Amino acid sequence: MNNEKKADCEPINTDLVNKIKPNMPDLNLLYELSDFFKVMGDGTRIQLLWALEQSEMCVGDLAVLLNMTKSAVSHQLKVLRTAKLVRAHKNGKNVYYALNDSHVKDIFEKALEHICE
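Residues numbered from 1 in each chain as written. Predicted model: local features only at pLDDT ≥ 70, side-chain atom pairs only at ≥ 80, totals over all residues. Heavy atoms only, no water.

Participant: Explain the overall build of the protein chain here, please?
Facilitator: Across its full length, the protein chain holds six helices and three strands. In terms of overall size, the protein chain is more extended than a compact globule, its C-alpha atoms giving a radius of gyration of 20 Å where 117 residues would be expected to give roughly 13 Å. By residue count, 22% of the 117 residues in the protein chain fall in the buried class. Considering only residue pairs separated by 6 or more positions, the protein chain has 50% of its internal contacts joining residues 24 or more positions apart. Side chains of the protein chain give 15 positive and 16 negative charges; the mean places of these two sets differ by 9 Å. (Helix = DSSP H or I, 4+ residues; strand = E, 2+ residues; numbered from the N terminus. Rg over C-alpha atoms; globule rule 2.2 N^0.38 Å. Buried < 20%, exposed > 50% of the residue type's maximum accessible area, 1.4 Å probe, protein only. Contact = heavy atoms within 4.5 Å. Lys, Arg positive; Asp, Glu negative; His and termini not counted. Charge placed at Lys NZ, Arg CZ, Asp CG, Glu CD.)

Participant: Teacher, can you tell me more about the sheet that holds strand E3 (residues 94-99) here?
Facilitator: Sheet strands line up and pair through hydrogen bonds in the backbone, either parallel or antiparallel. The antiparallel open sheet is built from three strands, whose spatial order is E1-E3-E2. Since the sheet does not close on itself, it has two edges, and those belong to strand E1 (57-58) and strand E2 (86-91), each with one partner. In terms of strand pairing, E2 meets E3 through six bridges, oriented antiparallel. Paired with Ala88 across the bridge in E3 is Tyr97. Helix H5 (residues 70-82) rests against E2 and E3 of the sheet, and its axis sits at about 120 degrees to E2. (Pairing = 2+ DSSP bridges. Axes fitted to C-alpha atoms, helices over the stretch in contact; angles between N-to-C directions.)

Note that every value here comes from positions in space, so none of it alone points to a role or purpose.
Written out as structure tokens, the structure reads:
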């Protein structure tokens, strides 16, 4: 049985559809992009990303800043680490978190700029 989705109409502009279709990214890549935005789509994680855009911080400081438990902050940071949005390093007994790279900062800043327009 074929589970492939099929359009229920004919294209209005066949030339345009045929021009764009070969350049469409792989469906799996687009699903990964969707998952990326789902991770960023949580209010708590956005607060963490905003704080980490300002400065590298440890879990305890993030918990105080956001008025959350360390356990809740750690859980959300794990989600952000899995999505490769933040990185961590240990300094003594504390683990410090920061945005993973400039791409994360750029995406965050562009989205914030878009919202503020």
